[in-house]
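Spelled out, the chains give:
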Amino acid sequence: MSSTITAIRNILVFIKNYNLYSSIVMLTIGIIGNVLNIVMFTSSKPFRGNLFSFYFTIESIVNTNIIVLNLLSQLVPITDTYSIWCRLRTMLGQIFLPFSLVLICFAAIDQFFSTSPIPYLRRRSSQKTSQIYAGVACCLWILHSIPAGIFTHSFLGVTCYSVNAVYASYQLYFYYPVILASLPMSVSSLFALLAYRNVRHIVRRQVPLVRRRLDYQMTALAFVRVILFIISYLPYISFYIYWSATPLDRTNYVQMMTLFAVGTVIYSILLLNHAMTFYVFLLVSARFRRQVKNLFVKRLWRRCKQLYKRKLHNEIHPLREISAENVTDNE
């Protein structure tokens, strides 16, 4: 009995320490990467006004919320079985996670439309419709999260789980394997491949060279973004499929806590999808690296230097005027 208690205590310590330190690391690299993404897609001239940039700017904001929520989940304790914070964080997670994946799908679909040789499909890609789609998707996921807030309770103050059998079955057999896995993976992969096929034949169309290069780059970034999503989410989804297919004895606390420890490590891999986008774009796209250098080194850095020199000039110039007046008076 004492060995069981010791094992549970050791697993609890591992889960809490790993969660805390991994969350801090993810917060650091994620905040930096997502902020740089937002600045790039909103300030860089080639991306400005592009629908791909619109989707990835919103996704970077959502990803930042996911990473901050993950850290808060480690810092704010679950005080009791019916903890309001346990329910709130579960609801926010069920809003941000699927909404982020929907934005990846929207970006891949829009890239397919904008590069299509069919004029009707190209006209389907517009700023107004994209804003409507993003707004509707956000509202749907907010409504979808309400049952999570109703049926969620705490387990040993470590994690949150559903106490309703029907809703738990929905999560295990539909939400995790379909909404968070097979559906967005299939849709985003399909349209990313179709967009890639379109840009391979875009040379046959009379498209300006600048637009053609931008379409090549956007399609490559969308394709890489989908690959990052699949790689980071597959372990998480596989774990939950295993969880749903394996009969578990909830009175066996050592087994349950071991599974929670494995799930904690796998969830940190999932968070790479929401923290590493900017760095993956830098790694795979030489053009994106040049654009980042042009924006941050040449434009923003020079502007900061000019502001600094202007500030020094404004501080020194009045002193010169005063000294000149004093010289005149003495004469």
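Residues numbered from 1 in each chain as written. Predicted model: local features only at pLDDT ≥ 70, side-chain atom pairs only at ≥ 80, totals over all residues. Heavy atoms only, no water.

Per an unreviewed UniProt entry, the protein chain goes by G-protein coupled receptors family 1 profile domain-containing protein and derives from Adineta ricciae. Note on the protein chain: under the UniProt heading Subcellular location (unreviewed entry), the record states "Membrane". (UniProt positions renumbered as here; feature names shortened; annotations may be inferred.)

A. Summary view of the overall build of the protein chain. Across its full length, the protein chain carries twelve helices and two strands. Secondary structure elements of the protein chain, listed N to C terminal, follow the sequence α-α-α-α-α-α-β-β-α-α-α-α-α-α. Taken over 331 residues, the protein chain has a buried fraction of 43%. Pairs at least 24 residues apart make up 78% of the contacts formed inside the protein chain by residues separated by at least 6 positions. A total accessible area of about 18,100 Å² is found for the protein chain, and carbon and sulfur atoms account for 66% of it. (Helix = DSSP H or I, 4+ residues; strand = E, 2+ residues; numbered from the N terminus. Buried < 20%, exposed > 50% of the residue type's maximum accessible area, 1.4 Å probe, protein only. Contact = heavy atoms within 4.5 Å. Areas by Shrake-Rupley, 256 points an atom, 1.4 Å probe, with all protein chains shown as cover.)

B. Broad picture of the nonpolar core. Core analysis: the biggest nonpolar cluster contains 61 residues, and Phe52, Leu180, Tyr236 and Phe288 have the highest contact counts within it. Among the elements that line this core, the one with the most residues is helix α8 (residues 209–245), at twelve residues. Apart from residues lying up to four places away in sequence, Phe52 is in contact with Phe41, Ala107, Asp110, Gln111, Met218, Leu221 and Ala222. One finds Ala108, Ile109, Phe112 and Ala195 within the second-largest nonpolar core, a separate group that totals six residues. (Core = buried A, V, L, I, M, F, W, Y, C linked by side-chain atoms within 4.5 Å.)

C. Representation of the packing of aromatic side chains in the model. Considering all chains together, one arrives at 24 aromatic pairs under this definition. Plain terms: the ring middles of Phe106 and Tyr133 are 6.1 Å apart, the flat faces sit at 45° to each other, and that makes the pair tilted. With Phe106 in helix α3 (residues 84–114) and Tyr133 in helix α5 (residues 127–144), this residue pair connects regions lying 27 residues apart in the sequence. Taking the centre distance of 5.1 Å and the plane angle of 75° together, the rings of Tyr175 and Tyr176 count as edge-to-face. Assigned by exposure class, Tyr175 and Tyr176 land together as buried. Taken together, Phe41, Phe47, Phe56, Phe278, Tyr279, Phe281 and Phe288 form an aromatic cluster joined through their ring pairs. (Phe/Tyr/Trp six-rings, centres within 6.5 Å; stacked < 30°, edge-to-face > 60°.)

D. Inspection of the pattern of salt bridges at higher detail. All chains considered together, the criterion is met by one salt bridge. Arg225 is paired through a salt bridge with Glu59; the nearest N and O atoms lie 2.5 Å apart. Of this pair, Arg225 sits in helix α8 while Glu59 sits in helix α2 (residues 51–75), and the two are 166 residues apart along the sequence. Of the residues examined, Arg225 reaches a relative accessible area of 1% and is grouped as buried. (Salt bridge = Lys/Arg side-chain N within 4 Å of Asp/Glu carboxyl O.)

E. Quick peek at the packing of helix α1 (residues 2–43) against α2. As a packed pair, α1 and α2 sit with axes 9 Å apart at the nearest point and diverge in direction by 160°. As far as their axial angle goes, α2 and α1 are roughly antiparallel. The handedness of the crossing between α1 and α2 comes out as left-handed. Of the residues in the contact of α1 with α2, the class split is 14 nonpolar, 13 polar and no charged. (Axes fitted to C-alpha atoms, helices over the stretch in contact; angles between N-to-C directions. Parallel < 35°, antiparallel > 145°, perpendicular 65-115°, else oblique. Left-handed = near helix turned anticlockwise from the far one by under 90°. Nonpolar A, V, L, I, M, F, W, Y, C, P; charged D, E, K, R; others polar.)

F. Inspection of the UniProt feature "transmembrane region" (unreviewed entry) in the protein chain at higher detail. Taking the UniProt record as the reference, the feature "transmembrane region" (unreviewed entry) is found at residues 20–40, 92–113, 133–153, 173–196, 216–239 and 259–284. A distance of 30 Å separates the end C-alpha atoms of residues 20–40, which is 100% helix and 0% strand. Helix and strand shares over residues 259–284 are 92% and 0% respectively, and the end C-alpha atoms of the span are 35 Å apart.

G. How the structure looks around the side chain of Thr219. Along the chain, Thr219 falls in helix α8. Looking at Thr219, its side chain comes within polar contact range of the main-chain oxygen of Asp215, at 2.7 Å. (Polar contact = N/O pair within 3.5 Å; in protein donor to acceptor, adjacent residues only side chain to side chain.)

H. Inspection of a nonpolar patch on the surface at higher detail. Residues Ile132, Tyr133, Val136, Leu140, Leu143, Ile146 and Ile150 make up a contiguous nonpolar surface patch of about 680 Å² in total accessible area. Listing elements by their share of the nonpolar patch, those giving two or more residues are α5 and α6 (146–151). In terms of residues, the nonpolar patch owes the most to one element, α5, which gives five residues. Turning to its location among the elements, Ile132 is positioned in helix α5. Exposure remark for Ile132: the relative accessible area of 44% places this residue in the partly exposed category. (Patch = residues over 30% accessible without salt bridge, like charges linked within 9 Å, V, L, I, M, F, W, Y side chains within 5 Å.)

I. Summary view of α3. Taking 1.5 Å of rise per residue, 31 residues should cover 45 Å, and α3 covers 44 Å from first to last C-alpha, within 8% of that figure. Among the 31 residues of α3, 24 are classified as buried, and the element is accordingly described as predominantly covered. (Expected span 1.5 Å × (residues − 1).)

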